[in-house]
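Working through the structure, step by step
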Amino acid sequence: MQSPAATYRRPFPLDSGSAAFPALLRRLVGLAVATAVGLALLVVAAPPALAQPANDELAGATVVDTVPFSTTEDTSEATSDPTDPVGCFNTGSVWFSYTPPSDTTVVADTFGSSYDTVLSAWTGTPGALDLIACNDDFNGLQSQVTFPATAGTAIYFMVGVCCSDGGTGGGSLTFSVNQIASPGNDAFAAAGPIASLPFSSTVDLAAATTEAGEPAPSCTTLQNTVWYSFTPTTTRALSASLDQSIGGVGVYTGTSLSNLSQVGCGYGSTSALVQAQANTTYYFQVGSVCCGAGPVTFRVDVAPDPVAGFSFSPSEPSVFDPVQFFDQSYDPAGGTLSTVGWSFGD
């Protein structure tokens, strides 16, 4: 009996003319592509983690050697160090330091930053810092501080994120430092002379200082002060005022800070009124009342005379009607009338 013939089947056809060959080729190409993609996924490295800024801590503060100075840095990964002071928010804080070579007024800001900053200035040593200035929103969401600085005393600037302590984060920070000169009439002894009336002067109080021994006017408290002087040749009433509501004016007679006597005071929209005597020198102390110092316009002029006026009711009374009179007198210089008298004739 003849045994059946053995049958051998190839696992896949190799003949390119076979109908199954294109399908096999597609499978092989697909497998190769999938393998290549898999290998590519394996070799793509994860993006590196963002590093904390080099000036994240006070010990690594960026040193400002000369002014004007400006820099931009990414503070997205800035942290709050446990040794950061409190009192002016320290979330996501970074540090800068500047030591002025001479007594001056320093101004620093974060204008141009992409986030809500808080800027503070400190003196002292780590762990024993004293706050000298702090600001949140000076210009929109950006900050500015201005303060007098002493030669050789290091100033440390901390820039944080409003408005908390102990957190992280920030953004694109632009930090600038400069120093500005004090006005020429910053001191009482250098009071700016007023030659004639009417008089006006615009002065930037940002770099003005307050001398030791300066008097405090009775109607307000002044800071960042400058001085003017005027000696009238005739006796007349004077009106002194500022265009800005955040300023004030004190008026004095005397010869030095130690013996000044106040004769007038005004602030905001209220003028300082003085009954000035001929050939007597009057000193005008002009300063900022609150909310930061900046440019102000100071004016002195002869005070206008008070205006007398009244009304009555009814407007067309008969001889039988009782008539009421109402005083409408006022002082256009903004003063208060001390006495008012009416005369009805005979």
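Residues numbered from 1 in each chain as written. Predicted model: local features only at pLDDT ≥ 70, side-chain atom pairs only at ≥ 80, totals over all residues. Heavy atoms only, no water.

What follows covers the overall build of the chain. Secondary structure assignment for the chain yields one helix and 20 strands. Across the 346 residues in the chain, those meeting the buried criterion constitute 38%. Pairs at least 24 apart in sequence give 73% of the contacts found in the chain among residues at least 6 apart. Accessible surface computed for the chain: about 19,400 Å², of which carbon and sulfur atoms make up 55%. (Helix = DSSP H or I, 4+ residues; strand = E, 2+ residues; numbered from the N terminus. Buried < 20%, exposed > 50% of the residue type's maximum accessible area, 1.4 Å probe, protein only. Contact = heavy atoms within 4.5 Å. Areas by Shrake-Rupley, 256 points an atom, 1.4 Å probe, with all protein chains shown as cover.)

Okay, the sheet that holds strand β11 (residues 199-204) next. Pairing is antiparallel in the open sheet, where four strands are placed in the order β11-β18-β13-β16. Of all the strands in the sheet, the pair left with one neighbour each is β11 and β16 (272-276). Recorded for the sheet is a direction-independent mean angle of 20° between the axes of neighbouring strands. With five bridges connecting them, strand β13 (residues 236-242) and strand β18 (residues 295-302) associate as antiparallel partners. By the bridge assignment, S239 is partnered in β18 with D301. (Pairing = 2+ DSSP bridges. Axes fitted to C-alpha atoms, helices over the stretch in contact; angles between N-to-C directions.)

So, about the packing of aromatic side chains. Inspection of every chain in the model, using the stated rule, returns 13 aromatic pairs. Where F199 meets F298, the ring centres are 6.4 Å apart and the plane angle is 70°; that geometry is what we call edge-to-face. Taken together, the residues F199 in strand β11 and F298 in strand β18 connect sequence positions 99 residues apart. Residues F199 and F298 agree in their burial class; the two are buried. Put simply, the rings of F96, F147, F157 and F175 pair up and form one aromatic cluster. (Phe/Tyr/Trp six-rings, centres within 6.5 Å; stacked < 30°, edge-to-face > 60°.)

Right, let's talk about the side chain of D84 for a bit. Here D84 is to be found in the loop between β2 (69-74) and β3 (94-98). For D84, which is buried and forms no salt bridge, the nearest opposite charge comes from R299, at a distance of 45 Å. Only 2.6 Å separates the side chain of D84 from the side chain of S93, close enough to count as a polar contact. (Lys, Arg positive; Asp, Glu negative; His and termini not counted. Salt bridge = Lys/Arg side-chain N within 4 Å of Asp/Glu carboxyl O. Polar contact = N/O pair within 3.5 Å; in protein donor to acceptor, adjacent residues only side chain to side chain.)

The next thing to look at is the layout of surface pockets. Taken as a whole, the second largest pocket encloses approximately 200 Å³ of empty space. Lining the second largest pocket are 13 residues, with A308, G309, S329, V340 and G341 positioned closest to its centre. (1 Å grid on protein atoms, 1.4 Å probe; cavity = no way out; pocket = protein on both sides within 12 Å on 5 of 7 lines; lining within 4 Å. Points joined across faces, edges and corners; volume = space filled by probe spheres on them.)

Disulfides are covalent bonds that link the sulfur atoms of two cysteine residues. Inspection of the entire model under this criterion finds three disulfides. A sulfur-sulfur separation of 2.0 Å characterises the disulfide bridge that pairs C88 with C134. Taking the sign of the torsion about the S-S bond as the criterion, the disulfide between C88 and C134, at about 80°, is right-handed. Residue C88 is found in the loop between β2 and β3, and its partner C134 is found in strand β6 (residues 128-135); the two are separated by 46 residues along the sequence. (Disulfide = S-S within 2.5 Å.)

Turning our eyes to something else, we now look at the pattern of salt bridges. Counted according to the given criterion, the structure contains one salt bridge. Close ionic contact of R299 with D243 constitutes a salt bridge, the shortest N to O distance being 2.9 Å. With R299 in strand β18 and D243 in the loop between β13 and β14 (247-253), this pair connects stretches of sequence that are 56 residues apart.

Counting buried positions along strand β12 (residues 223-230) gives seven out of eight residues, so the element sits mostly inside the fold. Alignment of strand β10 (residues 192-193) against β12, held across two bridges, turns out to be parallel. By the bridge assignment, G192 is partnered in β12 with Y228. One ladder, built from six bridges, connects β12 with strand β17 (residues 282-288); its direction is antiparallel. If you follow Q223 over to β17, its bridge partner there is S288.

Another aspect to go through is a nonpolar patch on the surface. Where nonpolar side chains cluster on the molecular surface, the patch consists of F310, F312, V323, F325, V340, W342 and F344 and spans about 670 Å² of accessible area. Examined against the element boundaries, V340 turns out to sit in the segment after β20 (324-327). Classification of V340 by relative accessible area gives partly exposed; the value is 43%. (Patch = residues over 30% accessible without salt bridge, like charges linked within 9 Å, V, L, I, M, F, W, Y side chains within 5 Å.)

Turning to the confidence of the model for the chain, a few remarks are in order. Taken over all residues, the pLDDT of the chain has a mean of 86, while the share at 70 or more is 83%. Low confidence marks residues 1-14, where pLDDT is under 50. Its contacts with residues over four positions away, or in another chain, come to four contacts. Low confidence marks residues 31-44, where pLDDT is under 50. Its contacts with residues over four positions away, or in another chain, come to zero contacts. (pLDDT = per-residue confidence, 0-100.)

With that settled, consider the pairing of strand β8 (residues 155-161). Most of β8 sits out of view: seven of its seven residues are buried. Taking every second residue as pointing to the same face, both faces of β8 are buried, with I155, F157, V159 and V161 on one and Y156, M158 and G160 on the other. Looking at chain direction, β3 and β8 are connected through five bridges and run antiparallel. Counterpart to W95 in the pairing with β8 is M158. Examined bridge by bridge, strand β5 (residues 117-125) and β8 share six bridges and lie antiparallel to one another. Paired with L119 across the strands is V159, a residue of β8.

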